[in-house]
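Each chain, letter by letter, is given below.
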Amino acid sequence: MIFIKDKTIYKGNPIQEELNRLNSESTNLSFLENIFSIPYSYIKEIQNQSGKNEIKIFFGNDSEEELIIKDKNTKNEIFEFIKQDNPNFKYSSELPSVLKYAKPQFFALLFMTGIFLWSLYLAIQMESGVEYSIIGSGRSITGIVLFLANFGIVKNIIGYVIILLIIIFSLTKRLKSRSEMEILKR
């Protein structure tokens, strides 16, 4: 259930009795105390991305809430209502940049490439006869890299290619879902 009244967005799953008491004329909403509410004054940004079934609300100190709405028209009506009800918000529409939209996948690609190159270097050194040992507990990134290097050059390359394919698949899937985003910002 999503209910907007008195500059507040209510979200939750009330019991049927509470739903029966709720209408546009309701003034005392204290019976909705178990429902999550976000006053407009707390909201920093609202995002409505086409092709997705949610409206994202950013509020407070890095908090985020999603209003899941399956029907596209209902979702757009709710966003338009909030837009009209909030003249203080600035409206914009944009296509998110590739870097901003797929940041986790790019970070994973960068991180895994660094780990791969390090373990590959150690694997090449180990096959040349250099011996490595871990000083300390071995519960560090160095221990992981040395563990991977022990698999050898071929298995490191095969493992990296498999992980690379997974990341590329995830990246292309993510980028295909990139679409126009309407933003209301304080």
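Each remark here, short or long, concerns the structure printed above.
The structure displayed is predicted, hence computed values, not measured ones.

K.L.:
Summarise helix 5 (residues 141-149); cite the residues concerned and give the values.
P.N.:
Three or more residues of helix 5 are buried, namely Gly-143, Val-145, Leu-146 and Ala-149. Around the axis of helix 5, the buried residues are gathered within 165° of arc, so they sit on the same side. Where helix 5 is buried, its residues contact helix 4 (103-127) and helix 6 (153-176).

K.L.:
Quick rundown of the pairing of strand 1 (residues 2-5)? Include the residues and the values.
P.N.:
Regular strands place their side chains on alternate faces of the sheet. In this structure, strand 1 lies alongside strand 2 (residues 8-11), joined through four bridges in antiparallel fashion. The residue of strand 2 that forms the bridge with Ile-2 is Lys-11. The turn linking strand 1 back onto strand 2 is made up of two residues, and Asp-6 within it adopts a positive phi angle of 50°.

K.L.:
Give a detailed account of the nonpolar core, specifying residues and quantitative values.
P.N.:
Ile-9, Ile-43, Ile-46, Ile-55, Ile-57 and Ile-82 are the most contacted members of the largest nonpolar core, which totals 16 residues. Contributions of two or more residues to this core are made by strand 4 (43-49), strand 5 (54-59) and helix 2 (72-85). With near-sequence residues (within four places) excluded, Ile-43 lies in contact with Ile-9, Ile-38, Ile-57, Phe-58, Phe-59, Phe-89 and Arg-186. Counting residues in hydrophobic clusters, the runner-up holds six residues, among them Leu-122, Val-145, Leu-146 and Ala-149.

Conventions and cut-offs
Residues numbered from 1 in each chain as written. Predicted model: local features only at pLDDT ≥ 70, side-chain atom pairs only at ≥ 80, totals over all residues. Heavy atoms only, no water. Buried < 20%, exposed > 50% of the residue type's maximum accessible area, 1.4 Å probe, protein only. Helix = DSSP H or I, 4+ residues; strand = E, 2+ residues; numbered from the N terminus. Arc of directions from axis to C-beta. Contact = heavy atoms within 4.5 Å. Pairing = 2+ DSSP bridges. Core = buried A, V, L, I, M, F, W, Y, C linked by side-chain atoms within 4.5 Å.

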